[in-house]
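A closer look at the structure
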Amino acid sequence: MTRQRIELAEASPRAARLITALEDVLRREGLCDDRLRELARIRVAQLNGCAYFLALRSAEAIRLGERQERLNELAGWRDSRRFTDSERAALALAETMTKLPADGVPDDVYGAAENLLGPYNLANLIMAVSVANALDRMCLRQTSGGVDVLAGGRRLRFDRLIVCAGLGTDAVARMTGAPGDVRIVPFRGEYYALAGTARDLVRGLIYPVPDPRYPFLGVHLTRRIDGEVLVGPNAVMALALEGYSWRDVDPGDLRRILAWRGTRRLAVRHWRTGVREVLGSLSKGAFLSAARRYVPALTAGDLVRVEGGVRAQAVDRDGALLDDFSVDVQGRVALVRNAPSPAATSSLAIARHIVGLTSVSSF
Ligand SMILES: Cc1cc2nc3c(=O)[nH]c(=O)nc-3n(C[C@H](O)[C@H](O)[C@H](O)COP(=O)(O)OP(=O)(O)OC[C@H]3O[C@@H](n4cnc5c(N)ncnc54)[C@H](O)[C@@H]3O)c2cc1C
């Protein structure tokens, strides 16, 4: 297929909306068994070779409690023992309606379905199969005038989508078909808290002058409104996207992170800083001496380990750590690839800017 086809939803949006709305009505109307309806609709997508609806309907079936083993055998249901008589009748009807022989649906196929399902279920099945065929053949997912998101087996539809997925940014970018030219490299930030009277040594925020080479400030001291004083964070490359400690290692994440040219360039360029940060992570003494640059009176006994976090740091192909917002706009999808701190993440001015990029006016 090389010729550019028309976008049905743009050419005739009201009709397209009605067809997709009809699908929703039929899903809500329900048969005696919703799984049976999904089996029929999956079989239709298989015959039509429509990967999008195959995935969508399979996910819906699993959400309804369908078993993966049965889905695996669905294309060969005639030879399988996993399907009931009612399901076999429904599948025979769905197949015949989809292939539609010159003489229409034979009486024996129709009769078996009517006997086993009854008139109400049969009527809904016929309509569900007809609409499934219409959607498959017209590629109507593009006709909704929006973005379809498959989440937890449910399909959600939006006119525009703004993605802020933090550590999940690369995975979502792959889903949108726009892997882009930066990747997320996870940097763990570890913290200690000051214990007992050591808290009285710090009455405000003690922050270093930023080093323009890095988006991370380095160890500093933050007095919170509840009186707790945090010391940190450092910045060590994590061994998994959700690598909250050295024990968290994910070979798949690690492979992807190391395969990125930017990660290797970053390592070559900044290995000295990397080694220093790792030492600070492994040795309380090294962390303490970083903190003592600002508060020399601190001792090892004053520091108590507390939970840290993992920053989703965008790194470009040349190994540069992005220190500004980075937003990719692909059609109706805006992907926030880098959301740096501090304070910027709750800035309404930045929210307005991103909304402007996606031309969403009703926020
Ligand atoms: C140690 C540390 C200290 C920090 N200090 C500060 C500070 O002092 N000031 C400041 O302004 N900022 C600070 N930050 C940074 C700030 O937390 C981040 O910049 C900000 O949270 C990023 O926002 P985000 O929405 O891009 O990502 P996140 O807040 O990480 O949100 C991403 C969301 O997407 C969800 N998600 C991921 N993948 C998927 C998927 N496939 N499907 C659906 N959902 C998904 C996640 O569950 C999560 O809820 C700090 C961060 C760390 C780690």
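Higher on the page you've got the structure.
Below: a short report on this structure.

Rules used in this analysis
- Residues numbered from 1 in each chain as written.
- Predicted model: local features only at pLDDT ≥ 70, side-chain atom pairs only at ≥ 80, totals over all residues.
- Axes fitted to C-alpha atoms, helices over the stretch in contact; angles between N-to-C directions.
- Helix = DSSP H or I, 4+ residues; strand = E, 2+ residues; numbered from the N terminus.
- Left-handed = near helix turned anticlockwise from the far one by under 90°.
- Contact = placed C-beta atoms within 7 Å.
- Nonpolar A, V, L, I, M, F, W, Y, C, P; charged D, E, K, R; others polar.
- Core = buried A, V, L, I, M, F, W, Y, C linked by C-beta atoms within 7 Å.
- Buried ≥ 20, exposed ≤ 12 C-beta atoms within 10 Å, placed from the backbone.
- Expected span 1.5 Å × (residues − 1).
- Pairing = 2+ DSSP bridges.
- Near = placed C-beta within 6 Å.

Turning our attention to the packing of helix H3 (residues 34-48) against helix H6 (residues 85-99). It is at 9 Å that the axes of H3 and H6 come closest, and there the two elements cross at 35 degrees. The two elements H3 and H6 meet at a crossing, and its hand is right-handed. On the side of H3, the interface is formed by Leu36, Leu39, Ala40, Arg43, Val44, Leu47 and Asn48, while H6 contributes Ser86, Glu87, Ala90, Leu91, Ala94, Glu95, Thr98 and Lys99. Of the residues assigned to the contact of H3 with H6, the class counts are eight nonpolar, three polar and four charged.

Another aspect to go through is the nonpolar core. Grouped together as the largest cluster of nonpolar side chains are 27 residues, with contacts concentrated most on Leu39, Ala40, Ala90, Leu93, Ala94 and Val129. A per-element tally of this core places helix H7 (residues 107-138) first, with eight residues. Setting aside its immediate chain neighbours within four residues, Ala90 contacts Leu36, Leu39, Ala40, Ala113, Leu117 and Leu125. Ranked by size, the runner-up nonpolar core spans 17 residues in total, among them Val185, Phe216, Ala240 and Val310.

All right, on to H6 then. Think of an α-helix as 3.6 residues a turn; residues three or four steps apart then line up on the same face. Relative to the 21 Å expected for 15 residues at 1.5 Å per residue, H6 spans 21 Å between its end C-alpha atoms, a close match to the ideal helical length. For H6, the complete set of buried residues consists of Glu87, Ala89, Ala90, Leu91, Ala92, Leu93, Ala94, Glu95, Met97 and Thr98. Residues of H6 that are buried make contact with H3 and H7. In the stretch just after H6, Leu100 is the one whose phi turns positive, near 40 degrees.

Before going further, it helps to spend a moment on the environment of Val315. Following the sequence through the fold, Val315 ends up in strand S8 (residues 303-316). A tally of 22 C-beta atoms within 10 Å means that Val315 is categorised as buried. Once the C-alpha coordinates of Val315 and Arg183 are considered, the two residues, 132 residues apart in sequence, prove to be 5.5 Å apart. Discounting chain neighbours no more than four positions away, the residues touching Val315 are Val182, Arg183, Val185, Gly262, Thr263, Leu266, Ala320 and Leu321.

A separate point is the pairing of strand S10 (residues 333-338). Of all six residues that make up S10, six are buried, and the element is covered over most of its length. Both strand S3 (residues 161-163) and S10 contribute to a ladder of three bridges, which runs parallel. For Val163, the partnering residue across the bridge sits in S10 and is Leu335.

With an omega of 0 degrees, the peptide bond running from Gly232 to Pro233 counts as cis. Tracing the sequence through the fold places Pro233 in the loop between strand S6 (229-232) and strand S7 (236-237). With a phi close to 40 degrees, Leu100 is a non-glycine residue in the positive phi region. Among the structural elements, Leu100 can be located in the loop between H6 and H7.

Time to look at the site of the ligand. If you check the shell around the ligand, you find 19 residues, and the closest are Gly166, Gly168, Gly189, Gly309 and Ser341. Going through the elements one at a time, helix H8 (169-175) and S8 are the ones with two or more residues in the shell around the ligand. The element contributing the most residues to the shell around the ligand is S8, with five residues. Considering only residue class, the shell around the ligand consists of 11 nonpolar, seven polar and one charged.

Attention shifts here to the pairing of strand S4 (residues 182-194). In terms of burial, S4 is largely enclosed, as 10 of its 13 residues are buried. Relative to S8, S4 is paired through 12 bridges, and the arrangement is antiparallel. Bridged to Val185 within S8 is Gln313. Of the strand pairs in this sheet, S4 and S7 are connected by two bridges, and their pairing is antiparallel. When the sheet's bridge partners are listed, Phe187 is paired in S7 with Met237.

Purely geometric stuff here, so don't read any function into it on its own.
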